Amino acid sequence: MSRSKKCVHSDLSIPWQQLVLPLLILVSISLVNCATEDEEKKLYIAFLGDHPLVNSNSLDETHIHLLSSVKESYDDAKESIVYSYTKSMNAFAAKLSEDEVNKLSGMDEVLSVIPNQYYKLHTTKSWDFVGLPVTARRKLRTESDVIVGLIDTGISPQSESFKDDGFGPPPTKWKGTCGPYANFSGCNNKIIGARYFKLDGTPDASDILSPVDVDGHGTHTSSTLAGNLVTNASLFGLARGTARGAVPSARVAMYKVCWASDGCAAVDILAAFDAAIHDGVDIISISIGGGGNQDYTIDTIPIGAFHAMQKGIITVASAGNTGPSLSSVMNHAPWILTVAASGIDREFRSNVHFGNGKNISGLGVSTFNPTQELYPLISGTDAALNSTTVEEARFCLQDSLDPVKVKGRIVHCKVLASGAESVVRGIGGVGTIVESDQFPDVAFVFMAPATLVNGTVGASINDYIHSTRSPSAVIYKTQEIEKEPAPFAASFSSRGPSPGSKRILKPDIAAPGIDILAAYTPLKSLTGLKGDTQYSKFTIMSGTSMACPHVAGVAAYVKSFHPDWSPAAIKSAILTTAKPMSRRVNNNDEEFAFGSGQLSPTRAVSPGLVFDMDEMPYIQFLCHEGYNASSLAVLVGSKRVNCSTLLPGLGYDDLNYPTMQLSLKNQREPITGVFRRRVTNVGPALSIYNATINAPAGVEITVRPTTLYFSRVLQELSFTVVVKAKPMPSGQMVPGSLVWKSSRHVVRSPIVIYSPIDG
Ligand SMILES: *[C@@H]1O[C@H](CO)[C@@H](O)[C@H](O)[C@H]1NC(C)=O
Ligand SMILES: *[C@@H]1O[C@H](CO)[C@@H](O)[C@H](O)[C@H]1NC(C)=O
Ligand SMILES: *[C@@H]1O[C@H](CO)[C@@H](O)[C@H](O)[C@H]1NC(C)=O
Ligand SMILES: *[C@@H]1O[C@H](CO)[C@@H](O)[C@H](O)[C@H]1NC(C)=O
Ligand SMILES: *[C@@H]1O[C@H](CO)[C@@H](O)[C@H](O)[C@H]1NC(C)=O
Ligand SMILES: *[C@@H]1O[C@H](CO)[C@@H](O)[C@H](O)[C@H]1NC(C)=O
Ligand SMILES: *[C@@H]1O[C@H](CO)[C@@H](O)[C@H](O)[C@H]1NC(C)=O
Ligand SMILES: *[C@@H]1O[C@H](CO)[C@@H](O)[C@H](O)[C@H]1NC(C)=O
């Protein structure tokens, strides 16, 4: 019995299957509860010290030998190991008892042992909206040398977005593989790598052991990142336009780790990082989340991303879909580029016309044309099968409605779980009006005529139904309409402050993540719901999962202009050129919702100045945060880090981060934070930058010097920002900024001051 299945179920109360899959919420398996089960062997990852300079086969042997000392025999050890991570790190995954874990943890060579756990997955138009037109300036030759690695649900090689017409052979640096796989037509010069990892050994009946995408999520994210131009793409005529990725000439490598029933296992995610780093990808895009939300050393995404950063590879990850509650942001390690979702200027709405002459406008994608002027309307409660199913009938749950009462009618349901329209359709209903306040800005795709209304509108529909003897309604086919104002922070997008550190502003940036059109798998209907017969080469999805590849795409775009830039420099370029998002537009959480603001692709290529750094400041930061040598070594890959011998880092946060966050200690004392920063001139040799400070009320911000004189390219100059904040009520956040302006460039750093809750 695998631990996953046993522990997952109770926590799965997910409202909309569609949002869950594309989005990325950890199937919050409670490790504590599961750990107290019987002495069954479970999957763990053991991290070892320095990567010895031996070939990987003998490293495998080393792992088996090490493990045999806590197992009964060599053979027993060999059988228990399910994977050796030997390419970019030194670790192994094995089935262990609690006793064996304890023994192993006590060994000198072993840095730490963490349990496996399961994570979840978290347009045509969007690229024009953020300002990367088809005609944008490109460096085609270097762009075709950029390899983007995605860790996701797989890919659909037959999609037009991944045809290789006009592509030369893979760049010579590429060391990855692509085997012949089941149901997978194979790689080409566009998809140059495809692999899958399923190390827990339990078969997934709903999936295929192959990099093929049976879910659609990985095909969608890959095409947003690097898909070819495909003209006349649409979802049954909606969102019609040219679908394309940020870098249509770049190459794609897919590492499938997410499985239809099981989700995404930590052991597989780590294997994907290990392989991608070795294979030679330039960018890693991961729209998956979960894991430990505070400690960077028990979550395989920050662990893998740290190793990637050491090799010059930037990791871009989704912030999660658990907003708008505060401190819900995931993938928030400072060496990760953390992406929030914003909405663009269009919506998908259906007109609903009622027998009393009134009209309302519902949200969602319903591609069906009505054949009658009006249909009888009933509420789910009134259509209950019998007196005991009334509560369930309110939500139109399976087996709660009376088919006789539903047949030929439109049913009004309160939505608890996804698929109300499938239930109604399955017993002969002609349409569904679902009511929910949970996702006010997302258009879900429906498998039958349906639309979504909020509670206020739902109440008026209920009044109408009970005010006449023969209520009636009709749901029209969805239309695309313009929405003002935009961009706005998506309601579901996870918010800061970071649960990992009080000193770092997260999320980093916002990018389009609502109603994004991109390529889809031919292996699944649009909703995956029972009775759905809609298939499409393109579909609309929402989530920070969709926002992430927009930013990863721009990172690849920047990389195509500046192949030698470090991950920190690329991140800095993207953050300091972001467009500040308006605070008046439904963005009450401000920087905690959107970080530096909205992604601005063409400006990111020419940022003027960058905040660059290598690995060392991150180590100093981790020391400052209280990480000890052995847990640090899980990230750094070496046991030699001794925090007490490290020179102090750069001021309050030790990092040369492009944004600043100062947290009060409590609500009574004022606080002063000194941020030391160093910028590198990547603009014209002779450049003069003047500082402009925007300080919020109650906060004093000074910068020294106030002018930076550069005389050559790549020259570095330092400055110091002092932030003095008066006490603020608990939970309050006030944003300011520091902007360096030259005659050609604007380099903006948000400065956030926060009073922690119960601080
Ligand atoms: C996968 O391939 C097998 C063998 O060719 C075939 O039977 C099966 O239907 C395929 N599955 C899908 C989802 O296409
Ligand atoms: C675009 O696609 C639609 C079907 O979605 C088709 O009817 C139409 O002819 C196509 N237009 C062009 C210009 O290819
Ligand atoms: C309601 O919608 C119907 C059908 O689209 C339309 O004919 C009618 O003019 C609308 N009524 C109002 C009051 O907008
Ligand atoms: C109501 O219907 C459910 C589902 O068919 C059935 O299990 C239950 O026994 C019924 N209750 C009554 C009181 O008829
Ligand atoms: C509910 O939806 C209606 C129509 O879209 C809108 O006018 C109204 O402001 C919404 N109410 C709330 C509380 O969001
Ligand atoms: C290092 O920190 C980890 C996690 O906080 C802890 O489990 C471990 O015991 C610590 N090791 C030492 C040597 O203090
Ligand atoms: C770390 O450095 C300090 C100061 O040099 C020294 O006292 C301590 O023993 C070192 N710790 C380890 C584990 O090497
Ligand atoms: C910067 O400030 C100096 C001195 O105040 C001024 O002469 C110069 O025009 C300013 N430059 C820019 C780009 O604003």
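Residues numbered from 1 in each chain as written. Chains lettered and ligands numbered in written order. Predicted model: local features only at pLDDT ≥ 70, side-chain atom pairs only at ≥ 80, totals over all residues. Heavy atoms only, no water.

1. Focus: the UniProt feature "domain: Subtilisin-like protease fibronectin type-III" (unreviewed entry) in the chain
Here the UniProt-annotated "domain: Subtilisin-like protease fibronectin type-III" (unreviewed entry) positions come out as residues 654-753. Within residues 654-753, the helical portion is 0% and the strand portion 60%, while the C-alpha atoms at the span's ends are 17 Å from each other. (UniProt positions renumbered as here; feature names shortened; annotations may be inferred. Helix = DSSP H or I, 4+ residues; strand = E, 2+ residues; numbered from the N terminus.)

2. A word on the sheet that holds strand 5 (residues 118-121)
The antiparallel open sheet is built from 4 strands, whose spatial order is 11-12-5-14. Of all the strands in the sheet, the pair left with one neighbour each is strand 11 (258-259) and strand 14 (288-289). Helix-sheet contacts for helix 10 (residues 266-279) involve strand 5, strand 11, strand 12 (263-265) and strand 14, and the interaxial angle to strand 12 is about 65 degrees. (Pairing = 2+ DSSP bridges. Contact = heavy atoms within 4.5 Å. Axes fitted to C-alpha atoms, helices over the stretch in contact; angles between N-to-C directions.)

3. Quick look at the pairing of strand 31 (residues 671-681)
With 3 bridges joining them, strand 29 (residues 609-611) and strand 31 adopt antiparallel strand pairing. Within strand 31, the position partnered with V610 by the bridge is T680. The pairing of strand 31 with strand 35 (residues 716-725) spans 10 bridges and is antiparallel. Residue pairing across strands places R676 opposite T720, the latter belonging to strand 35.

4. Describing the side chain of H562
Of note, H562 is situated in the loop between helix 16 (544-561) and helix 17 (567-576). For H562, the side chain forms a polar contact with the main-chain oxygen of V605, separated by 2.8 Å. (Polar contact = N/O pair within 3.5 Å; in protein donor to acceptor, adjacent residues only side chain to side chain.)

5. Details of the state of the cysteines
Enumeration according to the criterion identifies 4 disulfides in this entry. With its sulfur 2.2 Å from that of its partner, C258 forms a disulfide with C264. Because the torsion about its S-S bond is 105 degrees, the bridge between C258 and C264 counts as right-handed. No difference in accessibility class separates C258 from C264, as the two residues are buried. Each sulfur in the disulfide pair C623 and C643 lies 1.9 Å from the other. Judged by the torsion about the S-S bond (-80 degrees), the C623/C643 disulfide is left-handed. With C623 in helix 20 (residues 615-624) and C643 in the loop between helix 21 (629-636) and strand 30 (660-663), this residue pair connects regions lying 20 residues apart in the sequence. (Disulfide = S-S within 2.5 Å. Buried < 20%, exposed > 50% of the residue type's maximum accessible area, 1.4 Å probe, protein only.)

6. Focus on the site of ligand 8
Taken together, the residues surrounding ligand 8 are N690, K741, S742 and S743. Contact with the protein chains covers 30% of the free accessible surface of ligand 8, which is 370 Å². (Near = heavy atom within 4 Å. Areas by Shrake-Rupley, 256 points an atom, 1.4 Å probe, with all protein chains shown as cover.)

7. Remarks on the environment of G312
Along the chain, G312 falls in the loop between helix 11 (300-310) and strand 15 (314-318). By relative accessible area, G312 is classed as partly exposed at 28%. Separated by 31 residues in sequence, G312 and V281 place their C-alpha atoms 9.9 Å apart. Among residues more than four places away in sequence, those in contact with G312 are K559 and P567.

8. Remarks on the pattern of salt bridges
Considering all chains together, one arrives at 19 salt bridges under this definition. Notably, a salt bridge pairs D99 with K103, separated by 3.5 Å at the nearest N-O pair. Note that D99 and K103 are positioned in helix 6 (residues 98-105) at a spacing of 4 residues, about one turn of the helix. The class of D99 is partly exposed, set by a relative accessible area of 43%. The partner of R503 in a salt bridge is E625, and the shortest N-O contact between them spans 3.0 Å. Here the residue R503 occupies a position in the loop between strand 25 (488-489) and strand 26 (509-512), and E625 occupies one in the loop between helix 20 and helix 21, the gap between them amounting to 122 residues. A relative accessible area of 19% means that R503 is categorised as buried. Ionic contacts of the salt-bridge type, sharing partners, join the residues K41, K71 and E100 into one network. (Salt bridge = Lys/Arg side-chain N within 4 Å of Asp/Glu carboxyl O.)

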